[in-house]
Amino acid sequence: MTHQQVVLSAKQVSKTFIGENKLPKEVLRSASLSVYQGEFVTILGQSGSGKSTLLRMFAGLITPDSGMIYLEGNLIEDPAANVSMVFQSYALYPWLTVYDNIAFGLLAQDLPPALIAKKLEGLLTLVGLKGYEKAWPRELSGGMRQRVGFARALAVEPKVLLLDEPFSALDIFTAHKLQADLMRIWTSGKINTKAIVMVTHDVEEAVMMSDRVVIMDASSRQIGDEFVINKPREQRNKHNMAAIIDEIGGRLYDKIAISQQAS
Ligand SMILES: Nc1ncnc2c1ncn2[C@@H]1O[C@H](COP(=O)(O)OP(=O)(O)OP(=O)(O)O)[C@@H](O)[C@H]1O
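Reading guide: rules and limits
- Residues numbered from 1 in each chain as written.
- Predicted model: local features only at pLDDT ≥ 70, side-chain atom pairs only at ≥ 80, totals over all residues.
- Heavy atoms only, no water.
- Near = heavy atom within 4 Å.
- Polar contact = N/O pair within 3.5 Å; in protein donor to acceptor, adjacent residues only side chain to side chain.
- Areas by Shrake-Rupley, 256 points an atom, 1.4 Å probe, with all protein chains shown as cover.
- Pairing = 2+ DSSP bridges.
- Helix = DSSP H or I, 4+ residues; strand = E, 2+ residues; numbered from the N terminus.
- Axes fitted to C-alpha atoms, helices over the stretch in contact; angles between N-to-C directions.
- Contact = heavy atoms within 4.5 Å.
- Buried < 20%, exposed > 50% of the residue type's maximum accessible area, 1.4 Å probe, protein only.
- UniProt positions renumbered as here; feature names shortened; annotations may be inferred.

**Q** Please clarify how the site of the ligand should be interpreted in this entry.
**A** Residues in close proximity to the ligand total 14 residues, the closest being S47, G48, K51, T53 and H201. Here an oxygen atom of the ligand and a backbone polar atom of G50 are 3.0 Å apart. Bound to the protein, the ligand loses 62% of the 640 Å² it would expose on its own.

Right, here's the structure in full:
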């Protein structure tokens, strides 16, 4: 895997929201993060530290007050067509079948139904949804719904896939199965996606899946520590990754303690 070429980057982005109490809340302060070709980067950090805000900026869903977001050198200012997002809550359309949910982005591009069917054939098999095309989201388990979420995101062949706690609503067995399937798809070379950025609270999940884990620092409101995970994924397990899981968990704990003291 080559990591030289930057695919996605946040350059000194800042964001202040006006909270429900009408007071400004600074969430990001000149934060920067570059994601390289072939990289799976995970953002960890305490609740409210701005992880999802940064992820939504990468998708073009939130505009920074200052700073820039670039996808392959092009400024992202609006919802980006080449970027797909998967949400914790699945965010499926309940009035559409599994197939139509997955095809939604392609239908929006006005592609002919036969071409859409051709494009989706392999994907349905890849994500384990073959035979479920006519089902309704309400008929599916959480794991299967999230498979639809992944398939819908991948159907448009995004350059970048953004994952906002995609496994956290699932039981641990379903989550592990889906994580393994995503890893298989990601490393299979069958998708054209160049980089994945995930937000999670689960340190073990981050270490098992990522090439690099970064921590959003709630005090500086920037990306703080970074950990490169060099061990090949197929050789990683809970035991041989225990030291790095502990180190990152400890660092995270320290950051939370520091920011709680400051507030
Ligand atoms: N549109 C908005 N309007 C006002 N405040 C917002 C908005 N979006 C986010 N916030 C606030 O900004 C802060 C950071 O939110 P964000 O969702 O980015 O954090 P997070 O690190 O992803 O948190 P969590 O881990 O709990 O999901 C929070 O205090 C949140 O309430």
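Here the narrative resumes, following the displayed structure.
**Q** It is not clear to me how the sheet that holds strand β9 (residues 212–217) should be interpreted in this structure. Could you clarify?
**A** Picture the strands of a sheet paired through backbone hydrogen bonds; they go either parallel or antiparallel. With mixed pairing, the six strands of this open sheet are ordered in space as β6-β7-β8-β3-β9-β10. The sheet terminates laterally at β6 (83–87) and β10 (222–228), the two strands that pair on one side only. Ignoring strand direction, the axes of neighbouring strands in this sheet form an average angle of 20°. For β9 and β10, the ladder comprises five bridges, and the chain directions are antiparallel. Its bridge partner lying in β10, V214 is registered against E226. Sheet strands in contact with helix α1 (residues 51–58) are β3 (40–45), β6, β7 (160–164), β8 (195–199), β9 and β10, and its direction is about 155° off that of β7.

**Q** Any chance you could explain the pairing of β7 here in plain terms?
**A** Side chains on a regular strand alternate between the two faces of the sheet. Counted residue by residue, β7 has five buried out of five residues, so it is predominantly covered. Here β7 shows a buried face lined by V160, L162 and D164 and a second buried face lined by L161 and L163. Relative to β7, β6 runs parallel, the two being bridged by five bridges. In the strand pairing of β7, M85 is matched with L162.

**Q** Would you mind going over the environment of L71 with me for this structure?
**A** When you line up the elements, L71 lands in strand β4 (residues 66–71). Each C-alpha atom, one on L71 and one on A59, is 9.6 Å from the other, the two residues being 12 residues apart in sequence. Non-local contacts of L71, meaning those with residues more than four positions away in its chain, are made with V7, L8, I76, N82, V83 and V160.

**Q** Honestly, the UniProt feature "domain: ABC transporter" (unreviewed entry) in the protein chain in this entry has me stumped. Any pointers?
**A** As recorded in UniProt, the sites labelled "domain: ABC transporter" (unreviewed entry) are residues 8–243. The span residues 8–243 is 31% helical and 28% strand by assignment, and the distance between its end C-alpha atoms comes to 30 Å.

**Q** For this particular structure, what's the right way to read the sheet that holds β4?
**A** Within the open sheet, the four strands sit side by side as β2-β1-β4-β5. Their pairing is antiparallel. In this open sheet, the two strands that pair with only one neighbour each are β2 (24–36) and β5 (74–75). Where β4 lies against β5, two bridges are found, and the strand directions are antiparallel. Of the residues in β5, the one forming a bridge with L71 is N74. Together, β1 (6–18), β2 and β4 form the strand contacts of α1, whose direction differs from that of β1 by roughly 125°.

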